[in-house]
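Architecture and fold: a report
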Amino acid sequence: MKIKLSLIVILLLGFCQSAYAQSRDNYNMWFQYLMSAKLTDKSTLTALSQYRSFDLAYDTRLFLVSAYVDYEVANEVKPALGMMFLILDSYKSDNSKKERYEKRPFQQVSLGGNIGRTSISHRFRVEERFISNPDEFIVRLRYLISLRIPFNKAGEKEKLYGILKNEIRMNVVKEEPFDSNRLTAGIGIKVGKNSAIEVAFINQLETGSTSNYAYVGYRNSFDWRKNKNK
(Lines give C-alpha, C1' and ligand atoms only; values in the text may rest on other atoms or scores of the structure.)
Protein backbone atom coordinates (compact mmCIF):
# COMPACT_ATOMS: atom_id res chain seq x y z
CA MET A 1 0.00 0.00 0.00
CA LYS A 2 2.80 2.44 0.88
CA ILE A 3 4.55 1.72 -2.43
CA LYS A 4 1.32 2.31 -4.37
CA LEU A 5 0.63 5.59 -2.59
CA SER A 6 4.21 6.76 -3.18
CA LEU A 7 3.85 6.05 -6.90
CA ILE A 8 0.57 7.98 -6.99
CA VAL A 9 2.23 10.99 -5.33
CA ILE A 10 5.17 10.91 -7.74
CA LEU A 11 2.94 10.64 -10.81
CA LEU A 12 0.62 13.43 -9.69
CA LEU A 13 3.50 15.73 -8.83
CA GLY A 14 5.00 15.06 -12.26
CA PHE A 15 1.69 15.92 -13.89
CA CYS A 16 1.42 19.11 -11.87
CA GLN A 17 4.93 20.18 -12.85
CA SER A 18 4.12 19.63 -16.52
CA ALA A 19 0.92 21.67 -16.24
CA TYR A 20 2.78 24.39 -14.38
CA ALA A 21 5.33 24.73 -17.17
CA GLN A 22 2.56 25.27 -19.73
CA SER A 23 0.51 27.79 -17.76
CA ARG A 24 0.34 31.48 -18.55
CA ASP A 25 -0.18 32.30 -14.86
CA ASN A 26 3.16 31.34 -13.38
CA TYR A 27 3.10 33.24 -10.09
CA ASN A 28 -0.40 32.84 -8.67
CA MET A 29 -0.53 32.58 -4.88
CA TRP A 30 -3.26 31.11 -2.68
CA PHE A 31 -3.28 31.91 1.05
CA GLN A 32 -5.84 30.37 3.40
CA TYR A 33 -6.78 30.13 7.06
CA LEU A 34 -9.17 27.40 8.14
CA MET A 35 -10.56 26.63 11.57
CA SER A 36 -12.95 23.96 12.79
CA ALA A 37 -14.69 23.92 16.15
CA LYS A 38 -16.60 21.04 17.71
CA LEU A 39 -19.95 22.44 18.91
CA THR A 40 -21.55 19.21 20.13
CA ASP A 41 -20.71 15.53 19.86
CA LYS A 42 -22.40 15.53 16.45
CA SER A 43 -21.98 19.06 15.05
CA THR A 44 -18.96 21.08 13.90
CA LEU A 45 -18.48 24.67 12.74
CA THR A 46 -15.95 25.21 9.95
CA ALA A 47 -14.87 28.70 8.85
CA LEU A 48 -12.22 29.91 6.46
CA SER A 49 -10.81 33.01 4.82
CA GLN A 50 -8.90 32.95 1.56
CA TYR A 51 -6.83 35.34 -0.54
CA ARG A 52 -5.58 34.66 -4.05
CA SER A 53 -3.34 36.87 -6.16
CA PHE A 54 -2.07 36.95 -9.74
CA ASP A 55 1.45 37.52 -8.46
CA LEU A 56 3.26 36.67 -5.23
CA ALA A 57 0.90 38.73 -3.03
CA TYR A 58 -0.16 42.17 -4.28
CA ASP A 59 -2.25 41.78 -7.45
CA THR A 60 -5.56 40.64 -5.94
CA ARG A 61 -7.43 37.90 -7.74
CA LEU A 62 -10.01 36.80 -5.15
CA PHE A 63 -10.92 37.22 -1.50
CA LEU A 64 -13.53 35.17 0.30
CA VAL A 65 -14.91 34.29 3.71
CA SER A 66 -17.00 31.19 4.31
CA ALA A 67 -18.60 29.22 7.11
CA TYR A 68 -20.76 26.13 7.47
CA VAL A 69 -22.14 23.84 10.17
CA ASP A 70 -22.37 20.09 9.66
CA TYR A 71 -24.17 17.41 11.65
CA GLU A 72 -23.20 13.74 11.73
CA VAL A 73 -26.37 11.78 11.00
CA ALA A 74 -24.55 8.44 10.71
CA ASN A 75 -20.96 7.25 11.04
CA GLU A 76 -18.83 9.59 8.84
CA VAL A 77 -21.93 10.98 7.07
CA LYS A 78 -22.25 14.73 7.57
CA PRO A 79 -24.75 16.99 5.77
CA ALA A 80 -24.08 20.72 6.14
CA LEU A 81 -25.42 24.19 5.36
CA GLY A 82 -23.17 27.15 4.69
CA MET A 83 -22.63 30.62 3.22
CA MET A 84 -19.79 32.26 1.34
CA PHE A 85 -19.04 35.87 0.34
CA LEU A 86 -16.50 36.62 -2.39
CA ILE A 87 -14.83 39.61 -4.04
CA LEU A 88 -13.69 38.59 -7.53
CA ASP A 89 -11.05 40.58 -9.44
CA SER A 90 -10.29 39.69 -13.03
CA TYR A 91 -8.59 41.36 -16.00
CA LYS A 92 -10.58 42.58 -18.99
CA SER A 93 -9.31 42.53 -22.59
CA ASP A 94 -7.96 46.09 -22.23
CA ASN A 95 -5.85 44.93 -19.22
CA SER A 96 -7.97 46.87 -16.72
CA LYS A 97 -9.43 45.25 -13.61
CA LYS A 98 -13.09 44.25 -13.22
CA GLU A 99 -14.48 43.72 -9.73
CA ARG A 100 -17.47 41.49 -9.00
CA TYR A 101 -19.19 40.46 -5.77
CA GLU A 102 -20.76 37.12 -5.06
CA LYS A 103 -23.05 35.75 -2.37
CA ARG A 104 -23.08 31.96 -2.34
CA PRO A 105 -25.29 29.84 -0.09
CA PHE A 106 -24.50 26.13 -0.35
CA GLN A 107 -25.55 22.69 0.84
CA GLN A 108 -23.26 19.68 1.05
CA VAL A 109 -22.82 16.11 2.26
CA SER A 110 -19.43 14.71 3.33
CA LEU A 111 -18.61 11.00 3.53
CA GLY A 112 -15.51 9.74 5.33
CA GLY A 113 -13.56 6.51 5.49
CA ASN A 114 -10.11 4.93 5.47
CA ILE A 115 -7.87 2.90 3.18
CA GLY A 116 -5.44 1.41 5.65
CA ARG A 117 -4.05 4.39 7.59
CA THR A 118 -4.91 6.83 4.79
CA SER A 119 -8.12 8.78 5.40
CA ILE A 120 -10.33 9.44 2.41
CA SER A 121 -13.31 11.79 2.16
CA HIS A 122 -15.92 12.59 -0.47
CA ARG A 123 -17.79 15.90 -0.55
CA PHE A 124 -20.85 16.57 -2.69
CA ARG A 125 -21.86 20.25 -2.78
CA VAL A 126 -24.65 22.26 -4.42
CA GLU A 127 -24.18 26.03 -4.47
CA GLU A 128 -26.33 28.93 -5.61
CA ARG A 129 -24.14 31.74 -6.97
CA PHE A 130 -25.56 35.29 -6.91
CA ILE A 131 -23.01 37.43 -8.80
CA SER A 132 -23.09 41.18 -9.48
CA ASN A 133 -21.63 43.42 -12.23
CA PRO A 134 -23.45 42.20 -14.27
CA ASP A 135 -26.10 40.32 -12.31
CA GLU A 136 -25.88 36.59 -12.84
CA PHE A 137 -27.29 33.49 -11.15
CA ILE A 138 -25.63 30.09 -11.48
CA VAL A 139 -26.35 26.78 -9.81
CA ARG A 140 -23.16 24.73 -9.60
CA LEU A 141 -22.44 21.15 -8.54
CA ARG A 142 -19.11 20.12 -7.02
CA TYR A 143 -17.56 16.77 -6.18
CA LEU A 144 -14.32 16.65 -4.15
CA ILE A 145 -12.29 13.59 -3.23
CA SER A 146 -9.51 14.09 -0.65
CA LEU A 147 -6.77 11.83 0.68
CA ARG A 148 -4.73 12.49 3.82
CA ILE A 149 -1.68 10.24 3.80
CA PRO A 150 0.30 9.80 7.06
CA PHE A 151 4.09 9.80 6.65
CA ASN A 152 4.82 8.58 10.18
CA LYS A 153 4.96 4.94 11.21
CA ALA A 154 2.08 3.45 13.16
CA GLY A 155 2.38 4.46 16.81
CA GLU A 156 4.71 7.39 16.13
CA LYS A 157 3.75 11.03 16.67
CA GLU A 158 2.53 12.57 13.44
CA LYS A 159 4.71 15.37 12.07
CA LEU A 160 4.10 15.27 8.32
CA TYR A 161 1.24 14.10 6.12
CA GLY A 162 0.53 14.08 2.41
CA ILE A 163 -2.40 15.83 0.73
CA LEU A 164 -4.04 14.72 -2.52
CA LYS A 165 -7.30 16.25 -3.76
CA ASN A 166 -9.28 16.46 -6.95
CA GLU A 167 -12.49 18.42 -7.47
CA ILE A 168 -14.70 18.69 -10.53
CA ARG A 169 -17.28 21.50 -10.81
CA MET A 170 -20.23 21.55 -13.20
CA ASN A 171 -22.88 24.17 -13.99
CA VAL A 172 -26.49 22.94 -13.90
CA VAL A 173 -28.02 25.28 -16.50
CA LYS A 174 -25.53 26.93 -18.83
CA GLU A 175 -24.34 26.64 -22.43
CA GLU A 176 -21.02 25.32 -21.10
CA PRO A 177 -21.80 22.85 -18.28
CA PHE A 178 -18.13 22.19 -17.43
CA ASP A 179 -16.84 24.82 -15.01
CA SER A 180 -13.42 23.60 -13.86
CA ASN A 181 -11.32 20.78 -12.46
CA ARG A 182 -8.94 21.43 -9.57
CA LEU A 183 -6.04 19.13 -8.65
CA THR A 184 -4.06 19.63 -5.43
CA ALA A 185 -0.89 17.88 -4.22
CA GLY A 186 1.04 18.92 -1.12
CA ILE A 187 2.15 18.24 2.43
CA GLY A 188 1.00 19.23 5.91
CA ILE A 189 3.41 20.06 8.73
CA LYS A 190 2.08 19.70 12.27
CA VAL A 191 3.08 22.70 14.39
CA GLY A 192 0.92 21.87 17.40
CA LYS A 193 -1.46 19.26 18.70
CA ASN A 194 -4.38 20.83 16.84
CA SER A 195 -2.71 22.98 14.19
CA ALA A 196 -0.76 22.56 10.96
CA ILE A 197 0.81 24.50 8.11
CA GLU A 198 0.07 23.17 4.64
CA VAL A 199 1.92 23.88 1.38
CA ALA A 200 0.74 22.59 -1.96
CA PHE A 201 0.62 22.99 -5.71
CA ILE A 202 -2.84 23.59 -7.23
CA ASN A 203 -3.65 23.19 -10.90
CA GLN A 204 -7.05 24.47 -12.06
CA LEU A 205 -8.24 23.57 -15.54
CA GLU A 206 -11.04 25.63 -17.09
CA THR A 207 -12.41 25.76 -20.61
CA GLY A 208 -9.63 27.31 -22.68
CA SER A 209 -7.31 28.15 -19.77
CA THR A 210 -5.19 26.72 -16.98
CA SER A 211 -4.22 28.44 -13.73
CA ASN A 212 -1.58 27.26 -11.27
CA TYR A 213 -1.16 28.29 -7.64
CA ALA A 214 1.41 27.93 -4.91
CA TYR A 215 -0.73 27.29 -1.83
CA VAL A 216 0.11 28.20 1.77
CA GLY A 217 -2.48 27.45 4.44
CA TYR A 218 -2.82 27.33 8.19
CA ARG A 219 -5.46 25.24 9.94
CA ASN A 220 -6.36 24.61 13.54
CA SER A 221 -9.17 23.01 15.50
CA PHE A 222 -10.98 23.77 18.72
CA ASP A 223 -13.37 22.00 21.04
CA TRP A 224 -16.21 24.28 22.16
CA ARG A 225 -18.47 21.58 23.59
CA LYS A 226 -19.84 22.38 27.03
CA ASN A 227 -19.68 18.76 28.11
CA LYS A 228 -16.68 17.14 26.48
CA ASN A 229 -16.41 13.39 26.21
CA LYS A 230 -13.32 12.17 27.98
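Residue indices follow the written sequence of each chain, beginning from 1 at its first position. Residue-level local features of this predicted model are given only where pLDDT is at least 70; pairs of side-chain atoms are given and counted only at 80 or more, and the full residue set underlies all totals for whole chains, interfaces and linings. Only hydrogens and water are removed before side-chain values are computed, so all heavy atoms of the structure are retained for them.

So, the packing of aromatic side chains
Selection rule: Two aromatic rings from Phe, Tyr or Trp, using only the six-membered ring of Trp, form a pair when their centres are within 6.5 Å; if the ring planes differ by under 30 degrees the pair is stacked, by over 60 it is edge-to-face, and anything between is tilted. Only DSSP runs of H or I reaching four residues or more are called helices, and only runs of E reaching two or more are called strands; each is numbered from the N terminus. When accessible area is computed with a 1.4 Å probe and restricted to protein chains, residues below 20% of their type maximum are described as buried, those above 50% as exposed, and intermediate ones as partly exposed. Cation placement over rings: the criterion is NZ of Lys or CZ of Arg within 6 Å of the ring centroid and within 35° of the ring normal.
Tallied over the entire structure, the rule returns 10 aromatic pairs. Pairing F31 with Y51 gives two aromatic rings, centres 6.5 Å apart and planes at 25 degrees, and the pair type is stacked. Taken as a pair, F31 in strand 1 (residues 25-38) and Y51 in strand 2 (residues 43-53) lie far apart in primary sequence, 20 residues in all. Owing to a relative accessible area of 31%, F31 belongs among the partly exposed residues under this scheme. Pairwise contacts between aromatic rings join W30, Y213 and Y215 into one cluster. Taking the ring centre of W30 as reference, the NZ or CZ of R52 above it sits at 3.8 Å. Sitting over the ring of Y161, R148 keeps its end group 3.7 Å from the ring centre.

Brief notes about the pattern of salt bridges
Opposite charge on two side chains permits pairing when their charged atoms draw close. What counts is decided by this rule: Salt bridges are defined by distance alone: a side-chain nitrogen of Lys or Arg within 4 Å of a carboxyl oxygen of Asp or Glu.
In this structure the tally under the stated criterion is 17 salt bridges. For R129, the salt bridge goes to E102, with nearest N and O atoms at 2.7 Å. Here R129 is found in strand 6 (residues 118-131), whereas its partner E102 is found in strand 5 (residues 97-115), with 27 residues between them in sequence. The two residues R129 and E102 agree in class, both being buried.

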